[in-house]
Amino acid sequence: MKKKKLVGVFMSLMITAGLMVGCNGGTQNAGTNSSDNNGGGGDTIKIGANLELSGGVASYGQSIAEGLELAIEEINKEGINGKKIELVKVDNKSDAAEATSGAIKLISQDKVVAIIGAATSTNTLAQVQVAQDNKIPLITPTGTNPTVTNKDGKVNDFVFRTCFIDPFQGTVAAKFAIDDLKVKNAAILIDSSSDYSKGLASSFKKAFEENGGKIVAEEAYVAKDTDFRATLTRIKSANPEFLFLPGYYEEVGLIVKQARELGIKVPIMGGDGWDSPTLVEIAGPEALNNTFITNHYSSGDPDPKIQDFVKAFKAKYNKSPDAFNALGYDTAYFLADAIKRAGDADPVKIKEALAQTKDLSLVSGTLTLDENHDPIKSAAILEYKNGEQQFKTKVNP
């Protein structure tokens, strides 16, 4: 999504937080901490979901919400330590400033003990300082930028994720291009306004060149652009054998469609940002042939745990689950497991239990967290054929 000016985000955060601490004479954090948060009181445990339910990447947030809701229904059948989960959702409207204010609301007004979201790295980063200051665990299901959990070598101790990070995704794509598709050179086209896109491109380029590949063209666009023909014409003139296109589905769909119209027939590959049914509507099924993505899971994977999830999801929503559905589902179980091991709904205890997670069996793989709170898990490679995703292979870390 288009990145808002950082100054605006942090001014919004500081002004709002300043007003909140002013109510307490300026001596406490903006929200709550483990001693005064009542989100785990009574018979329920309040969990926040700060998601893109509208706006430019609404498909992602809506998919995560569906996965969360299915998982919480299942979890609540037995409960956690005698309590039920209550999910409190806020719509960040695919906007970083809205994500910041949403996090503040969830903590100060709704008294949640943890926040799930956002879907994108930019909107997750906008919440990190709020979570850190208020000692409330923040878990992004799909924010893949490394700085979400570790900034300048310092771990954000209250921030976690259930997805793999950009360097792994970009490296997997590069090795697939060289080893499986046998290409020797590539072009890269990025969204210059997206931390996600730039992160994947950087790791792809590094791994591709280290494995003997050559980058013959590097171009950029900005989110919300709609005409990419001039940029694609320059890429075509460089005669690449492969195009790496890490971006979000709205622009990617148009780019793939226009690339094919210009006669660019080479394989095109991106990351999990492509994973939306809307992509096929925008690009068209035929244009997506000979395109590939790295993703967190595939509904076509024969693993019994995956197929059980697919069956349950189809029964509830009458459609096949995408990776964002799966990661939303997994994040609910990741958090529920930590709350159970913590013994109660104290946010600091939950944070400690999350950090100690090891060999937790989830739909998107067996999850063990490393020292940066990033999962060590597998990646799936999917191919589009006639508008349908097909499972191609699984790559282990």
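Scope of this entry: the structure provided in the associated data block. Because the structure is a prediction, the values reported are computed rather than measured.

### What about the side chain of R260?
- Structurally, R260 is set in helix α8 (residues 249-261).
- Of the side chains with opposite charge, E286 comes closest to the buried, unpaired R260, at an N-O distance of 8.8 Å.
- Of note is the side chain of R260, whose polar atom sits 3.0 Å from the backbone oxygen of N289.
- Here R260 is in contact with K265, V266, I268, A287, N289, N290 and T291, once residues within four sequence places are set aside.

### Quick look at the packing of aromatic side chains
- Applying the stated criterion across every chain yields a total of 16 aromatic pairs.
- Measuring from ring centre to ring centre gives 5.4 Å for Y221 and F228, while their planes differ by 85°; the resulting arrangement is edge-to-face. The two residues Y221 and F228 agree in class, both being buried.
- Centre to centre, the rings of Y297 and F309 are 6.1 Å apart; their planes meet at 65°, and the pair counts as edge-to-face.

### Some remarks on the pairing of strand β14 (residues 365-369)
- Across three bridges, strand β13 (residues 360-362) lies against β14 in antiparallel orientation. From the neighbouring strand, S361 faces β14, where its bridge partner is T366.
- Between the antiparallel neighbours β13 and β14 lie two residues.
- Relative to strand β15 (residues 375-376), β14 runs antiparallel, the two being bridged by two bridges. Across the sheet, the residue bridging to T368 is I376, located in β15.

### Focus: the packing of helix α2 (residues 58-78) against helix α10 (residues 304-317)
- Between α2 and α10, whose axes approach to 11 Å, the crossing angle comes to 105°. As summarised for this structure, α2 and α10 are arranged roughly perpendicular, according to the angle between their axes. Where α2 abuts α10, its residues E66, E69, L70, E73 and E74 lie against F309, A312, F313, K316 and Y317.

### Regarding α10
- When the terminal C-alpha atoms of α10 are compared, their 20 Å separation across 14 residues agrees well with the 20 Å that a helix rising 1.5 Å per residue should span.
- Considered for burial, the residues of α10 that qualify are I306, F309, V310, F313 and Y317. Projected down its long axis, α10 shows its buried positions confined to an angular sector of 100°, all on one face. Every exposed residue of α10 that faces more than 90 degrees away from the buried side is listed here: P304, D308, K311 and A315.
- If you follow the buried residues of α10, they end up packed against α2 and α11 (323-342).

### Remarks on the nonpolar core
- F204 and W274 are the most contacted members of the largest nonpolar core, which has 100 residues in total.
- Take this core: its biggest share by element is 11 residues, from α11.
- Dropping the residues within four chain positions of it, F204 is found in contact with G170, A173, A174, A186, I188, I215, F242 and F244.
- With 15 residues, the next largest nonpolar core counts V128, I136, V148 and V159 among its residues.

### A closer look at the pairing of strand β2 (residues 84-91)
- Sheet topology note: the strand β1 (residues 44-51)/β2 ladder contains eight bridges and is parallel. Residue pairing in the sheet places T44 in a bridge with K84 of β2.
- Handedness of the crossover joining β1 and β2 through α2: right-handed.

### Points about the environment of L369
- Within the secondary structure layout, L369 lies in strand β14.
- Residues contacting L369, with those up to four places away along its chain left out, are F160, R161, F334, L354, A355, T357, D374 and P375.

### Quick word on the sheet that holds β13
- One open sheet accounts for three strands, arranged β13-β14-β15; its pairing is antiparallel. Edge positions in the sheet fall to β13 and β15, since each of these pairs with one other strand and no more.
- The strands touched by α11 are β13 and β14; relative to β13, the strand with the most contacts, the crossing angle is about 155°.

### Points about the pattern of salt bridges
- In the structure shown here, the tally under the stated rule is 17 salt bridges.
- Ionic pairing is found between D227 and R229, a salt bridge with its closest N-O pair at 3.2 Å.
- For R229, a relative accessible area of 38% corresponds to the partly exposed category.
- A salt bridge links D337 to R341, with the nearest nitrogen and oxygen atoms 2.9 Å apart.

### Structural notes on the packing of helix α3 (residues 96-108) against helix α4 (residues 121-134)
- Between α3 and α4, the least distance of the axes is 8 Å, while the angle of their chain directions is 30°. Here α3 is positioned roughly parallel relative to α4, judged by the angle of their axes. Between α3 and α4 the crossing geometry is right-handed. Along its contact with α3, which presents A96, A99, T100, A103, I104 and I107, the element α4 presents T122, N123, A126, Q127, V130 and N134.

### Quick word on the sheet that holds strand β12 (residues 291-295)
- Across the sheet, which stays open at both edges, the seven strands sit in the order β9-β8-β10-β11-β12-β16-β17 with mixed pairing between neighbours. In the strand order of this sheet, the two ends are held by β9 (214-221) and β17 (388-395), each with one partner.
- As paired elements, strand β16 (residues 379-385) and β17 share seven bridges and run antiparallel to each other. The residue bridging L382 from the neighbouring strand is F391, located in β17.
- Across the face of the sheet, helix α6 (residues 195-210) comes into contact with β8 (185-191), β9 and β10 (243-244) while running at roughly 165° to β8.

### Some points on the environment of I188
- Residue position: I188 is located in strand β8.
- Linking I188 and I215, residues 27 residues apart in sequence, is a C-alpha distance of 7.5 Å.
- Excluding its chain neighbours within four sequence positions, the residues that come into contact with I188 are A201, F204, K205, I215, A217, E218, E219, L243 and F244.

Calculation criteria
- Residues numbered from 1 in each chain as written.
- Predicted model: local features only at pLDDT ≥ 70, side-chain atom pairs only at ≥ 80, totals over all residues.
- Heavy atoms only, no water.
- Helix = DSSP H or I, 4+ residues; strand = E, 2+ residues; numbered from the N terminus.
- Buried < 20%, exposed > 50% of the residue type's maximum accessible area, 1.4 Å probe, protein only.
- Lys, Arg positive; Asp, Glu negative; His and termini not counted.
- Salt bridge = Lys/Arg side-chain N within 4 Å of Asp/Glu carboxyl O.
- Polar contact = N/O pair within 3.5 Å; in protein donor to acceptor, adjacent residues only side chain to side chain.
- Contact = heavy atoms within 4.5 Å.
- Phe/Tyr/Trp six-rings, centres within 6.5 Å; stacked < 30°, edge-to-face > 60°.
- Pairing = 2+ DSSP bridges.
- Axes fitted to C-alpha atoms, helices over the stretch in contact; angles between N-to-C directions.
- Parallel < 35°, antiparallel > 145°, perpendicular 65-115°, else oblique.
- Expected span 1.5 Å × (residues − 1).
- Arc of directions from axis to C-beta.
- Core = buried A, V, L, I, M, F, W, Y, C linked by side-chain atoms within 4.5 Å.
- Right-handed = clockwise from strand over helix to strand, strands pointing away.
- Left-handed = near helix turned anticlockwise from the far one by under 90°.

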